[in-house]
Amino acid sequence: MKNQSKIPATVITGFLGAGKTSAIRHLLQNAKGRRIALVINEFGDLGVDGEILKGCGIEDCGEEDVVELANGCICCTVADDFLPTIQALLDRADPPDHIVIETSGLALPKPLVKAFAWPEVRTRTTVDGVITVIDGPAVADGLFAGDPEAVAAQREADENLDHETPLEELFEEQLACADMVVINKADMLDDSQLQSVEATVARHLRPAVKSLRSSHGAIDASVLLGLEAAAEDDLDSRHSHHDAAGEHDHDDFTSFSVALDEAEAPEALLAKLLPVIAEHGVLRVKGFAAVAGKTMRLVVQGVGDRLQHYYDRDWQPGEERATRLVIIGETGLDEAAIRAALAG
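These numbers were taken from a predicted model, which means no experiment stands behind them.

**Focus: the packing of helix H11 (residues 266-280) against helix H12 (residues 335-343)**
Here comes step 1: Axis separation between H11 and H12 bottoms out at 9 Å; the angle between their running directions is 160 degrees. In terms of orientation, H11 lies roughly antiparallel with respect to H12. Once H11 is placed against H12, the crossing between them reads as right-handed. Here Lys272, Leu273, Val276 and His280 of H11 come into contact with H12, specifically with Ala337, Ile338, Ala341, Leu342 and Ala343.
Here comes step 2: Partitioned by chemical class, the residues of the contact of H11 with H12 number 7 nonpolar, 1 polar and 1 charged.

**Digging into H11**
Here comes step 1: Compared with the 21 Å implied by 1.5 Å per residue over 15 residues, the 21 Å span of H11 between its first and last C-alpha is a close match.
Here comes step 2: Of the positions making up H11, those classed as buried are Pro266, Leu269, Leu270, Leu273, Val276, Ile277 and His280. Viewed along the axis of H11, the buried residues span an arc of 135 degrees, placing them on a single side of the element. Away from its buried face by more than 90 degrees, H11 exposes Glu267, Ala271, Ala278 and Glu279.
Here comes step 3: Taken together, the buried residues of H11 touch strand E8 (253-260), strand E9 (284-289), strand E10 (296-303), strand E11 (306-314), strand E12 (323-330) and H12.

**Some thoughts on the pairing of E9**
Here comes step 1: Among the 6 residues in E9, 6 count as buried, and that is most of the element.
Here comes step 2: Because side chains alternate across E9, one face comprises the buried residues Arg284, Lys286 and Phe288, and the other comprises Val285, Gly287 and Ala289, equally buried.
Here comes step 3: Where E9 and E10 come together, 6 bridges link them in antiparallel fashion. When the sheet's bridge partners are listed, Arg284 is paired in E10 with Val303.
Here comes step 4: Counting the residues between successive antiparallel strands, the hairpin from E9 to E10 contains 6 residues, one of them, Gly293, with a positive phi of roughly 80 degrees.
Here comes step 5: Bridge analysis of E9 against E12 gives 5 bridges, and the strand direction is antiparallel. The partner of Lys286 across the bridge, within E12, is Val326.

**With respect to the pattern of salt bridges**
Here comes step 1: A complete count under the given rule lists 15 salt bridges for this structure.
Here comes step 2: In this structure, Asp179 engages Arg238 in a salt bridge whose closest nitrogen and oxygen atoms are separated by 2.8 Å. Taken as a pair, Asp179 in the loop between helix H8 (166-176) and strand E6 (180-184) and Arg238 in the loop between helix H10 (221-224) and E8 lie far apart in primary sequence, 59 residues in all. Across the pair, exposure class does not vary: Asp179 and Arg238 are buried alike.
Here comes step 3: In this structure, the salt-bridge partner of Asp234 is Arg238, at a minimum N-O distance of 3.5 Å.
Here comes step 4: Using a relative accessible area of 29% as the deciding quantity, one classes Asp234 as partly exposed.
Here comes step 5: Overlapping salt bridges bring together Asp179, Arg206, Asp234 and Arg238 as one network.

**Concerning the environment of Phe256**
Here comes step 1: Here Phe256 lies in strand E8.
Here comes step 2: Measuring from C-alpha to C-alpha, the distance between Phe256 and Glu335 comes to 7.8 Å, with 79 residues separating the pair along the chain.
Here comes step 3: Discounting chain neighbours no more than four positions away, the residues touching Phe256 are Leu325, Val326, Ile327, Leu333, Glu335, Ile338 and Arg339.

**Concerning the packing of aromatic side chains**
Here comes step 1: All chains considered together, the criterion is met by 2 aromatic pairs.
Here comes step 2: Their ring planes at 90 degrees and their centres at 5.2 Å tell us that Phe15 and Phe144 sit as a pair that is edge-to-face. Note that Phe15 is positioned in the loop between strand E1 (7-13) and helix H1 (20-29) and Phe144 in the loop between helix H6 (136-140) and helix H7 (148-157), a separation of 129 residues in sequence.
Here comes step 3: Judged by relative accessible area, which is 5%, Phe15 ranks as buried.
Here comes step 4: Taken together, a centroid distance of 4.7 Å and an interplanar angle of 10 degrees make the contact between Phe144 and Phe171 stacked. Note that Phe144 is positioned in the loop between H6 and H7 and Phe171 in helix H8, a separation of 27 residues in sequence. Assigned by exposure class, Phe144 and Phe171 land together as buried.
Here comes step 5: Aromatic rings pair up to connect Phe15, Phe144 and Phe171 into one cluster.

Cut-offs and rules
- Residues numbered from 1 in each chain as written.
- Predicted model: local features only at pLDDT ≥ 70, side-chain atom pairs only at ≥ 80, totals over all residues.
- Heavy atoms only, no water.
- Axes fitted to C-alpha atoms, helices over the stretch in contact; angles between N-to-C directions.
- Helix = DSSP H or I, 4+ residues; strand = E, 2+ residues; numbered from the N terminus.
- Parallel < 35°, antiparallel > 145°, perpendicular 65-115°, else oblique.
- Left-handed = near helix turned anticlockwise from the far one by under 90°.
- Contact = heavy atoms within 4.5 Å.
- Nonpolar A, V, L, I, M, F, W, Y, C, P; charged D, E, K, R; others polar.
- Expected span 1.5 Å × (residues − 1).
- Buried < 20%, exposed > 50% of the residue type's maximum accessible area, 1.4 Å probe, protein only.
- Arc of directions from axis to C-beta.
- Pairing = 2+ DSSP bridges.
- Salt bridge = Lys/Arg side-chain N within 4 Å of Asp/Glu carboxyl O.
- Phe/Tyr/Trp six-rings, centres within 6.5 Å; stacked < 30°, edge-to-face > 60°.

Quick look at the structure:
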């Protein structure tokens, strides 16, 4: 017989490359018997995060427990994609103990939380909490801050103008909806930098919302799960720039995937990527690569010019050995030039 109590759902949000997938992987490794279903959403046509989690090899995390939504950010496709997915999980003969939702790095979390108030799911599930993962070094580097002097001058000329950059606005949206904030990659910052990042983050948080430091997304499952926030009942306290308009889009950002030849070595691939990232202001790179003489698949991840790579698993029988990368940036990226540079 099905448990009649509500199944908790945790929304994990945060900007591109903040470490959401790492946090989820660590959570699964320390789930302590909880049966967790994952809903993974990505901005772009290549499902990198879902593939990484499907190949994680963690006990009790089968492919059937990882649902991928790749039709744009789920904050824009709630009725068409997200709600039917949640209903299907709830209708399983043996439903999960907990649902974890990883949003696209460009998603607004509030529309997603609002969906849990819909009659179709309200009596059967609840938002246990919204966890916002922050890329500590990116905040320290000022990625989400505009030019303060330019903004001040523009506002002095017309105080009614909104001069926030798309990155600033998204940063604020994801923090304003949080029930807990994880400042990730803390190992890459010194104490002074961490304190500065924490102060920046704190300015955008609701009262009583705490932030924690982490490295590689390593936060205990008992900390992330069980917040019992019932966030769908607390929407009014979660400010959004789109509260009045009700609608939003992601026209400020663009993505495309690139297919490349087999790489001679990981270092050779990164050497091609770095100048392209610098010249074109690429925000995010991620994907998989085939490396000459290697039987394993190479995972490539990058935020700005901070690139990392590792082998995650063997190429499977019948699986195409291919190199495919997703390139994400603000609208206006010169796709043709980027493709030409990487193919050269």
